[in-house]
Amino acid sequence: MTKQMTGAEMVVQALKDQGVETLFGYPGGAVLPIYDAIFHQNSVRHVLVRHEQGAAHAAEGFARSTGRVGVLLVTSGPGATNAITGLTDALMDSIPIVCITGQVPTHLIGSDAFQECDTVGITRHCTKHNYLVKRIEDLPRILHEAFYVASSGRPGPVVIDIPKDVQFATGTYSGPRNVQHKTYRPQLKAEAGKLKQALDMMLKARRPVFYTGGGVINSGRVAATLLRELVQLTGFPITSTLMGLGAFPASGKQWLGMLGMHGTFEANNAMHDCDLMIAVGARFDDRITGRLDAFSPGSRKIHVDIDPSSINKNVKVDLGIIGDCAHVLEDLIALWRSSGAAAAQRPVLTPWWQQIETWRSVKSLSFRASETLIKPQYAVQRLYELTKSRDTYITTEVGQHQMWAAQHYHFEEPNRWMTSGGLGTMGYGLPAAIGVQMAHPKALVVDIAGEASILMNMQEMSTAVQYRLPVKIFILNNEYMGMVRQWQELLHGGRYSESYSEALPDFVKLAEAYGAHGIRCTLPGDLDAAIMEMIETPKAVIFDCIVDKTENCFPMIPSGKAHNEMILGDAADVGSVIDEKGKMLV
Amino acid sequence: MTTAVSPPSPYSSALGKPNIEVHTLSVLVDNEPGVLARVVGLFSGRGYNIESLTVAEVVHETHLSRITIVTSGTPEAIEQIRHQLERLVPIHKVIDLTLIERAIERELAMIKVRGKGDHRVEALRLADAFRARVIDATIESFIFELTGTSDKIDQFVELMRPIGLVEVSRTGIAAISRGPDAI
């Protein structure tokens, strides 16, 4: 399809052709022509956020919960710079988003014009790729290429910077079918020889473990289905990173829970003592490995990843398999089935499973219950019990509440859990919840939040109210930046430097001020009824759950320690466990 | 207690260790705006070293440029650098020429030398021995053009120092694999 139209019209037409129905944005001088084009049509719905960072996180939430590309539109200068945190967040967590930024007209570029910034320069390091469109002839190709690059291979954010004169210029539009990227072709199918090697290693393993990550979820629903099949066929235990929760059902017998710094005792010990680790779509992040030179010392390691640079980056592996998770899992299943040895596998794993059961019996996620104070873990547990049978999506902010959510909210399906993993962005959860709710209007979308994080993007309550999005903000309010306070307690002698949330707003009144509904709960006995009230309120809710102020997030691998040096909830003095080298780490 | 061994980081923290190698990478890229900034930014952002970098368009019709980068690091770091380069969208191909036997590396230098009398004669004699050409001359100076390996240029520059070395301009290394095939 070719047609004459302006650059601004091309943007909207390309969004339509790419199947985009929802776009998050904020207008400004340098994108006015595009906003005018939006005004003239009804197929792409624009959601007006209150800050560009919110637009980026909303696009991320939309993308993570649907598996499609999320889109945002912001103006030049401050519009673009405000979006940077969200772009970086998407880069770290490999989330496909396309960010269209306005730019001053080409003849003013470089003149320090009003609201000018070097958007492609600034975003070069926080995008998978970016474009400055200087000629209208290039615009249609770049628009479609951007969607291809964002969603292919290891997904990520792509910026298209469009000067205002290019938006006004007229040119020939061509549809997505005419566009093929010159060079970018990620490898999807793995080499047969390597798959065969992987099978041999799996058949020989006596203490295997699957370690899966966000790559499985990015690969699509089919990858999660195939993962379940392979795990079931092999009888191997499975753990997952924060990003990968939901790819394997938490109710599964082979599920060990999340691993890493705040992972379960059984997951981390299985990682440490295994003889074969099969990493699928995970990247050996420092939150996962703990002390690198003591990381799973006795194991052989297989690493399946679509990004060759992930392999051998932090941990040297024995077998790197480059390919898309779904393709590799499918091939491994076929090989496993044809090997015939499958049925013989289970008995040889019995001692390993017995060992895992002894670790499991430690019940590392347990906590001391209270009659008078709401324990944050208890709050998440109750939220889980009261929402698990519904069509629920969970987002989080960043901190203790995020870890408690990961530990105590259990996911059965992929794309249900949206959290800022790599970048650790406080303020992520509310705009992400807005993005999720836009994609799933009938679903129950809960942002499990902390009182400090939520204030970072509180302005997005206006967005939720404007679009009648019934998002639920479930604040575990301990009046502290809890994770900062915890580290200060453990590492800095309890000197709580600037981590107390002074002068907090009254969240119930704040909700009312925004036109939402506010609920406060202070007693464990009232919690269930209050959560039910939140669920049944057909509009946005801020739930101020007043929890134990001094609760710490356990279990924990202290900084600089190995997986088998975890500390559990009743550890007397964690500070003395962490040495000087560990204190240097974050 | 075991003594702590530093993790085998491929990043700059590992540089300065004994197993540091110097490798020459050939990178084929689309010659589009910002592509060099992407490559250079990757090195600075991830703490890799650049010892030498040259770039020029080699196929004008398709705007294909060839970047030659000399970098140093542990073998793991260099493998990582190669993969990180391959991730950049406008990059077609990255080849570690050091891993290919018999790749040829050359550098061009222009060396300005000032002096009179015996020094001039000596400079010309040495230039002749190194097969350097005189490309500019005044009563009291020469500019020599010298092509060769970096070592050879280093050596020539050192010899010119006592004679009256004024300044040196070097291109950095260009490299290509031997034999009939392209990279």
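Student: Any chance you could explain the sheet that holds strand β18 (residues 472-477) of chain A here in plain terms?
Tutor: All names here are of chain A. Strand order in the open sheet formed by six strands is β16-β15-β17-β18-β20-β19, with parallel pairing between adjacent strands. Each having just a single partner strand, β16 (417-418) and β19 (517-521) make up the two edges of the open sheet. With two bridges joining them, strand β15 (residues 392-396) and β16 adopt parallel strand pairing. Counterpart to T395 in the pairing with β16 is M418. Packed on one face of the sheet, helix α16 (residues 400-408) meets β15, β17 (444-450) and β18 and runs near 135° to β17.

Student: For this particular structure, what's the right way to read the pairing of strand β3 (residues 45-48) of chain A?
Tutor: For a regular strand, side-chain orientation follows a simple rule: the groups alternate between the two sheet faces. Residues and elements named next belong to chain A. Judged from the four bridges that link them, strand β2 (residues 22-25) and β3 form a sheet pairing that is parallel. Bridge pairing links T22 to R45 in β3. In this region the chain leaves β2, passes through helix α2 (residues 32-39) and returns to the parallel neighbour β3; the handedness of that crossover is right-handed.

Student: I'm lost on the domain arrangement of chain B in this one. Help?
Tutor: Where the parts come together, the accessible area they lose is often given as the size of the interface. All names here are of chain B. If you check the domain split of chain B, you get domain 1 (15-96) and domain 2 (104-175). Relative placement of domain 1 and domain 2: their C-alpha centres are 29 Å apart. The partner domain 2 presents six residues to the seven residues of domain 1 that form the contact. Residue assignment for the side of domain 1 that touches domain 2 shows that the elements contributing at least two residues are β1 (21-30), β2 (52-59) and β3 (64-73). When the residues that make up the side of domain 1 that touches domain 2 are grouped by side-chain class, the tally is two nonpolar, five polar and no charged.

Student: Honestly, the domain arrangement of chain A in this entry has me stumped. Any pointers?
Tutor: Residue and element names in this part refer to chain A. For chain A, the assigned domains read domain 1 (2-178), domain 2 (192-360) and domain 3 (376-546). Computed over C-alpha atoms only, the centres of domain 1 and domain 3 are separated by 30 Å. The partner domain 3 presents 27 residues to the 25 residues of domain 1 that form the contact. Of all the secondary structure elements, the ones that give two or more residues to the side of domain 1 that touches domain 3 are β2, β3, α3 (52-66) and α4 (78-92). The biggest single contributor to the side of domain 1 that touches domain 3 is α3, with 11 residues.

About the cut-offs
Sequence order as written defines the numbering, with residues in each chain counted from 1. The order in which chains are written sets their letters, starting at A; the order in which ligands are written sets their numbers, starting at 1. Only residues with pLDDT of at least 70 get local features here, since the model is predicted, and only at 80 or more are side-chain atom pairs given and counted; chain-wide, interface and lining totals rely on the full set of residues. A pair of strands is labelled paired if DSSP reports no fewer than 2 bridges between them. Runs of H or I in DSSP of at least four residues are treated as helices and runs of E of at least two as strands, each being numbered from the N terminus. In this description, a residue-residue contact is defined by the distance between C-beta atoms placed from the backbone, which must lie within 7 Å. An axis is simply a line fitted to the C-alpha atoms; with a helix, the fit covers only the stretch in contact. Between two such axes, the angle follows the N-to-C directions and lies from 0 to 180 degrees. Here is how to tell: hold the view so the strands point away, follow the path from the first strand over the helix to the second, and if it runs clockwise the crossover is right-handed. Just so you know, the domain bounds were taken from an automatic or database domain assignment. Charged residues are taken to be Asp, Glu, Lys and Arg, nonpolar residues to be Ala, Val, Leu, Ile, Met, Phe, Trp, Tyr, Cys and Pro, and polar residues to be all remaining types, Gly included.

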